[in-house]
Structure formats: structure tokens, C-alpha cells
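The primary structure of each chain is shown beneath.
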Amino acid sequence: MLLHFIDVGQGDSILVQVNNKNMLIDAGPADSRENLLDYLSLLNINNLDYVIATHPHEDHIGNMAYIIDKYNVLNFYAPKITNNTKSFETMVEALVRKDLKINVIKAGIRSISLGKNTKVEVFSPSSDNYENINNYSPIIKISHGNNSFLLTGDAEELIEKEVINSNYNLKSDLLKIGHHGSSSSTSKEFFYKVNPSITVISVGKNNSYGHPTKKVLETIKNSKILRTDQKGTILILSDGKSLKMIDAPKI
């Protein structure tokens, strides 16, 4: 299994490749379009078996319309929340052009299959109504053999508490830190439940938000911290037994 944490600046885009299947989670902000599309072109992908928009903020769906237009998308997932932004509207227009329906992603769905020796579990959202759009982000656990990865979108502490209280097995080898390392996510309790050896932060260089925050860096200091603002695209290889970081293709 390959996990590409694609450098899209201050945003998120993750490509999971396993068993000849491709799953893209988020598509970064519009200002990263060239980087994202060039990187995906290097991989010679035609089909995206699953595309997931974690929540309708521009830094996660800014390029989604381009992805839908360019690739043969077999299944599209998003939480049940709309947004009156240009990036959301163009995404929906692209879905309509391709006659793709939105499958609602929520806690407990079992319809995402990445083939043998691989399991996808969705732990959130469990409600249809959150005040903060970030909290519609699904927390997704992918297990590959004995390896496991927890991907969190921009889910904040409220959702972290929800999934802890639901008694899901959060323990994972790798944690994609929530909300680009904002202090709104990655509570100590949540981090200790996940207990990852590797943490990945998808974040833009010299961003105006001060991400990742000192608070989060202190919480995760005993893990191996990998940041896209420092390393560019991060590529992790899992053989089902151990993980290693390998060189990502250069654009």
C-alpha cells in the first residue's frame, strides 16, 4: 500500500493506492492546482475508485471539480453538508456533468472496499448537525495487514471526544494530524488513544494561521513528525508489517 500525502500548501490531499485501487481524499486549495494535477499525472492514473471530499472548505475541495472532470471517478463520497461557495458549486456542477451521485459518508458505513488484506472503517460524523463545518470531516481508519492509518480531515476536539466515547479502536501506526496542526484538534486524550509512531501534518509554508501550533507539536513530540511544509509530498509504503517513508516522484 502507498499513501501519498500530497503537498498542496495550506490544505489536504491524500491518495491511497492498494490492490490496484486508488482512493483520493480531498483535493487541496485552488492555488495548488498545478502541483496536484502534475503530481497525479506522474502516477499514470486513469480511474479513481473512490473520491472523498471530507468537508466543503476551499482548502480541501478547491480542485475537486478538476479532479471529477479529468478522471474516471467510480464512487464519490461527502458528508451531508452544503456550502454556498464557488468551490462547492463548481464541484457539484462537475458531479452533475459526470452523472455522479454523492454517497453520504458517516460513521459506520461499510461500502468502501480497497480489496484484500485491507479494511476501511469510518468513525465519524455520527450526527447530521454540527455548528462547525470542520466537524463533518470523517475520521477514517485504514488497516493494511498489521499496519493502520488514521485520517482525520479537519475534525476538531468535539469529534475526537465523540469517537473516543464510541469506543472505536483508534490505535494506529500513523495519524494524519487534524486541521493542519491547529490547536482546535489533536487533544492529548485523542492522541494517546491513537498512540501513533508517525504523525503527518499537511500544512503550508509560512501560513498566516500559525499552523502547526506549539501546543500540537508539544502533544505529538514523541512521534516521528513529517510535515509537508518541510518535506514536500510525503510518501509512505506499507507492506502490511512495517512502514517506511520513500521518495515521492518529483514533478
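Residues numbered from 1 in each chain as written. Predicted model: local features only at pLDDT ≥ 70, side-chain atom pairs only at ≥ 80, totals over all residues. Heavy atoms only, no water.

K.L.:
Could you clarify how one ought to interpret the overall build of the protein chain in this entry?
P.N.:
Of regular secondary structure, the protein chain possesses 8 helices and 16 strands. Over its C-alpha atoms the protein chain spans a radius of gyration of 16 Å, differing by no more than 12% from the 18 Å that the globule rule assigns to 251 residues. For the C-alpha atoms alone, the extent of the protein chain along its principal axes is close to 45 × 40 × 40 Å. In the protein chain, which comprises 251 residues, the proportion classed as buried is 58%. Considering only contacts within the protein chain whose residues lie at least 6 apart along the sequence, 67% involve residues at least 24 apart. Carbon and sulfur atoms make up 44% of the accessible area of the protein chain, which totals about 11200 Å². For the protein chain, the distance from the average site of its 28 positive side-chain charges to the average site of its 27 negative ones is 7 Å. (Helix = DSSP H or I, 4+ residues; strand = E, 2+ residues; numbered from the N terminus. Rg over C-alpha atoms; globule rule 2.2 N^0.38 Å. Buried < 20%, exposed > 50% of the residue type's maximum accessible area, 1.4 Å probe, protein only. Contact = heavy atoms within 4.5 Å. Areas by Shrake-Rupley, 256 points an atom, 1.4 Å probe, with all protein chains shown as cover. Lys, Arg positive; Asp, Glu negative; His and termini not counted. Charge placed at Lys NZ, Arg CZ, Asp CG, Glu CD.)

K.L.:
Can you walk me through the packing of aromatic side chains in this structure?
P.N.:
The relative placement of two aromatic rings is captured by the distance of their centres and the angle of their planes. Summed over the entire model, instances satisfying the criterion amount to 4 aromatic pairs. A ring pair is formed by tyrosine 50 and tyrosine 77, whose centres lie 6.2 Å apart and whose planes are at 45°; its orientation type is tilted. Of this pair, tyrosine 50 sits in strand E5 (residues 50-52) while tyrosine 77 sits in strand E7 (residues 76-78), and the two are 27 residues apart along the sequence. Take tyrosine 50: its relative accessible area is 7%, and that puts it in the buried class. Between phenylalanine 123 and tyrosine 168, the aromatic rings sit 4.2 Å apart at their centres with planes inclined by 15°, giving stacked as the arrangement. You can see phenylalanine 123 sitting in the loop between strand E9 (118-122) and strand E10 (140-144) and its partner tyrosine 168 sitting in the loop between helix H5 (157-165) and strand E12 (174-176), a full 45 residues away along the chain. A relative accessible area of 30% places tyrosine 168 in the partly exposed class. (Phe/Tyr/Trp six-rings, centres within 6.5 Å; stacked < 30°, edge-to-face > 60°.)

K.L.:
Help me out: how do you make sense of unusual backbone geometry in this one?
P.N.:
Most peptide bonds are trans, and most residues other than glycine sit at a negative phi. Residue proline 125 is reached from serine 124 by a cis peptide bond, and omega for that bond is 0°. Within the secondary structure, proline 125 is located in the loop between E9 and E10. Geometrically, the link from histidine 211 to proline 212 is a cis peptide bond, its omega value of -10° lying close to zero. Mapped onto the elements of the fold, proline 212 is located in the loop between strand E13 (198-201) and helix H7 (214-219). We note that asparagine 44 has phi near 55°; this positive angle belongs to a residue other than glycine. With respect to the helices and strands, asparagine 44 occurs in the loop between helix H1 (33-42) and strand E4 (47-48).

K.L.:
What am I meant to see in the environment of valine 51 here?
P.N.:
Its location among the elements puts valine 51 in strand E5. You can call valine 51 buried: its relative accessible area is 0%. Considered as a pair, valine 51 and methionine 64 are 13 residues apart in the sequence and their alpha carbons are 9.1 Å apart. When sequence neighbours within four positions are dropped, the list of residues in contact with valine 51 reads Leu24, Met64, Val73, Asn75, Phe76 and Tyr77.

K.L.:
Explanation requested: the environment of leucine 237 in the structure shown.
P.N.:
Along the chain, leucine 237 falls in strand E15 (residues 234-238). Along the sequence, leucine 237 and leucine 2 sit 235 residues apart, while their C-alpha atoms lie 4.8 Å from each other. What leucine 237 contacts, discounting residues up to four positions off in sequence, is Met1, Leu2, Ser242, Leu243, Lys244 and Ile246.

K.L.:
Any chance you could explain the sheet that holds E13 here in plain terms?
P.N.:
Strand pairing in a sheet is mediated by backbone hydrogen bonds. Such pairs are either parallel or antiparallel. As summarised here, the arrangement of the 6 strands in space is E9-E10-E11-E12-E13-E14, forming an open sheet in which the pairing is mixed. Edge positions in the sheet fall to E9 and strand E14 (224-227), since each has one partner strand and no second. Shown here is a sheet whose adjacent strand axes are inclined to one another by a mean of 15°, direction ignored. Across 5 bridges, the pairing between E10 and strand E11 (residues 147-151) is antiparallel. Looking at E11, one finds that serine 143 is bridged to serine 148. (Pairing = 2+ DSSP bridges. Axes fitted to C-alpha atoms, helices over the stretch in contact; angles between N-to-C directions.)

K.L.:
Explanation requested: the sheet that holds E15 in the structure shown.
P.N.:
Spatially, 8 strands are ordered E8-E7-E5-E3-E2-E1-E15-E16 in an open sheet, and the strand pairing comes out mixed. Each having just a single partner strand, strand E8 (102-104) and strand E16 (243-246) make up the two edges of the open sheet. On average, each strand axis in the sheet is inclined to that of its neighbour by 20°, with strand direction left out of account. Judged from the 4 bridges that link them, E15 and E16 form a sheet pairing that is antiparallel. Within the sheet, the bridge partner assigned to leucine 235 lies in E16 and is isoleucine 246.

K.L.:
Please clarify how helix H4 (residues 86-97) should be interpreted in this entry.
P.N.:
An α-helical turn contains 3.6 residues, so a residue and the one three or four places further along point in the same direction. With 12 residues, H4 should reach 16 Å at 1.5 Å per residue; the first-to-last C-alpha distance of 16 Å fits that figure. Residues Ser87, Phe88, Met91, Ala94 and Leu95 constitute the buried set of H4. For H4, the arc enclosing every buried residue in end-on projection is 125°, short of the 170-degree limit, so these residues lie on one face. Of the exposed residues in H4, those oriented more than 90 degrees away from the buried face are Lys86, Val96 and Arg97. Contacts made by the buried residues of H4 are with helix H2 (58-61), helix H3 (64-70), E7 and E8. Note on H4: the residue one or two positions beyond its end, aspartate 99, has a positive phi of about 55°. (Expected span 1.5 Å × (residues − 1). Arc of directions from axis to C-beta.)

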